[in-house]
Amino acid sequence: MHFKLLMWLVAMCLPGGNAIIFKEYRIPLPFSREEYRIAHLWSTAEWSLLNTGGGDGVEIIVNEERAFDNGKTGQYTDKIFHVTSKVPRTIRALSPRGSLEVQEISKNAFTEVETVLSSPLYMKNNFHLTTYTRLKEADNCQQDDVFNDIYYEASYMHGEVINIDITRDIDPRDYKEDEDPTKCFTSERLNLTPDWQAARRYFMQLHRQMYCWADQWFDFTIEDIREMEEEMEVRLDKKRHQGQVTGMSEN
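Bear in mind that the values here come from a model prediction, so they are computed numbers and not experimental data.

1. Concerning the overall build of the protein
So, step 1. Helices and strands together make up the secondary structure of the protein, namely six helices and eight strands.
So, step 2. Of all 251 residues assigned to the protein, the portion counted as buried reaches 46%.
So, step 3. With an accessible surface of roughly 13800 Å², the protein has 51% of that area assigned to carbon and sulfur atoms.

Structure representation (structure tokens):
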């Protein structure tokens, strides 16, 4: 299974003006469609737990099934990311109150997901980052028309294409041998070789973890995932208010 992901950035930095930047991330993965569905939900919950603590991390406001405006039904989530430790100290010192809290609204109508990040406390309606995820099976991430409708609606030519290979080019700050897809399984048959296929840091880390965590999520059903998410909401809220800052950070 392979999927392509488009990041659509709309930044209104000046009064009366806006800038639109498109980046299309293509990430081939060795999963079936249903395997990816479970893997992504399980790994997102686990990633949230690993990156929560010491006052920072993920706060879940809403997680429920809803009917969307496009007629599809799926899982709707509203989260707040407290990211003080995730930015460099210099930016942290200069950041106004509320600017380091990011709201994430996600509409997951699998196999399509729309996620919007914004800063409602600080930038109000002047900034949002929209990520569209679409799964495409067995095209080796070479199909160029997956997001044509979005480009057409925005009257924009195709954006920059960035290919991500989860076996290569990991940020040294994020490297862990047990999250290396070329080494993470005791069975050599399951380990990927570097030539298995020919916001980047986050996508790279999450999908490397997703592959190497397969032993933990592989037997889950979607019902198991929903039960896990309910438990995770309580754990995240408790963990965010205690202990040390954990996970990805900028110092």
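Structure shown, so let's carry the discussion forward.
2. Concerning the state of the cysteines
So, step 1. Taken as a whole and assessed by the stated rule, the structure comprises one disulfide.
So, step 2. Here Cys-184 is linked by a disulfide to Cys-212, with a sulfur-sulfur distance of 2.4 Å. Residues Cys-184 and Cys-212 are joined through a disulfide that is left-handed, its torsion about the S-S bond being -85 degrees.
So, step 3. For Cys-212, a relative accessible area of 9% corresponds to the buried category.

3. So, the packing of aromatic side chains
So, step 1. If you walk through the whole model with that rule in mind, you get six aromatic pairs.
So, step 2. A ring pair is formed by Trp-42 and Trp-213, whose centres lie 5.7 Å apart and whose planes are at 70 degrees; its orientation type is edge-to-face. Each member of the pair Trp-42 and Trp-213 is classed as buried.
So, step 3. Within the aromatic cluster, the residues linked to one another by ring pairs are Phe-31, Phe-185, Tyr-211, Trp-217 and Phe-218.

4. Details of the pairing of strand β5 (residues 101-109)
So, step 1. Bridge analysis of strand β4 (residues 73-82) against β5 gives eight bridges, and the strand direction is antiparallel. Residue His-82 lies in a different strand from β5, and its bridge partner there is Glu-101.
So, step 2. As judged from the seven bridges shared by β5 and strand β6 (residues 112-118), these two strands associate in the antiparallel manner. Looking across to β6, one finds that Gln-103 is bridged to Ser-118.
So, step 3. Where β5 folds back on β6, the antiparallel hairpin that results is connected by two residues.

5. Some words on the pattern of salt bridges
So, step 1. Taken as a whole and assessed by the stated rule, the structure comprises 11 salt bridges.
So, step 2. Put simply, Glu-34 and Arg-37 hold a salt bridge, and the shortest N to O gap is 3.9 Å. Here Glu-34 pairs with Arg-37, and both are found in helix α1 (residues 33-50), just three residues apart, close to one helical turn.
So, step 3. In this structure, Glu-59 and Arg-240 form a salt bridge, with 3.6 Å as the shortest nitrogen-oxygen distance.
So, step 4. Taking relative accessible area as the criterion, Glu-59 reaches 23% and is therefore assigned partly exposed.

6. A look at a negative patch on the surface
So, step 1. Residues Glu-223, Asp-224, Glu-227, Glu-230, Glu-231 and Glu-233 make up a contiguous surface patch of negative charge.
So, step 2. Mapped onto the elements, Asp-224 comes out in helix α6 (residues 222-240).

7. Describing unusual backbone geometry
So, step 1. For the bond from Phe-110 to Thr-111, the omega torsion is 25 degrees, close enough to zero to count as cis.
So, step 2. Summarising the element assignment, Thr-111 is placed in the loop between β5 and β6.

8. Brief notes about the pairing of strand β3 (residues 57-67)
So, step 1. Judged from the 10 bridges that link them, β3 and β4 form a sheet pairing that is antiparallel. Looking at β4, one finds that Glu-65 is bridged to Gln-75.
So, step 2. Hairpin connection of β3 to β4: five residues between the antiparallel strands, including Gly-71 at a positive phi of 90 degrees.

9. Regarding the packing of α1 against helix α4 (residues 200-212)
Packed helix pairs are specified by the crossing angle of their axes together with the interaxial distance, meaning the distance between the axes.
So, step 1. Where α1 meets α4, the axes come as close as 9 Å, and the angle between the chain directions of the two elements is 110 degrees. Considering the angle they form, α1 stands roughly perpendicular to α4. In terms of crossing hand, the pair formed by α1 and α4 is right-handed. In contact with Tyr-36, Ala-39, His-40, Ser-43, Thr-44 and Trp-47 of α1, α4 contributes Tyr-202, Gln-205, Leu-206, His-207, Gln-209 and Met-210.
So, step 2. A per-class count over the contact of α1 with α4 returns six nonpolar, six polar and no charged.

Conventions adopted
Residues numbered from 1 in each chain as written. Predicted model: local features only at pLDDT ≥ 70, side-chain atom pairs only at ≥ 80, totals over all residues. Heavy atoms only, no water. Helix = DSSP H or I, 4+ residues; strand = E, 2+ residues; numbered from the N terminus. Buried < 20%, exposed > 50% of the residue type's maximum accessible area, 1.4 Å probe, protein only. Areas by Shrake-Rupley, 256 points an atom, 1.4 Å probe, with all protein chains shown as cover. Disulfide = S-S within 2.5 Å. Phe/Tyr/Trp six-rings, centres within 6.5 Å; stacked < 30°, edge-to-face > 60°. Pairing = 2+ DSSP bridges. Salt bridge = Lys/Arg side-chain N within 4 Å of Asp/Glu carboxyl O. Patch = residues over 30% accessible without salt bridge, like charges linked within 9 Å, V, L, I, M, F, W, Y side chains within 5 Å. Lys, Arg positive; Asp, Glu negative; His and termini not counted. Charge placed at Lys NZ, Arg CZ, Asp CG, Glu CD. Axes fitted to C-alpha atoms, helices over the stretch in contact; angles between N-to-C directions. Parallel < 35°, antiparallel > 145°, perpendicular 65-115°, else oblique. Left-handed = near helix turned anticlockwise from the far one by under 90°. Contact = heavy atoms within 4.5 Å. Nonpolar A, V, L, I, M, F, W, Y, C, P; charged D, E, K, R; others polar.

Fair warning: the whole summary comes from geometry, so function is off the table for now.
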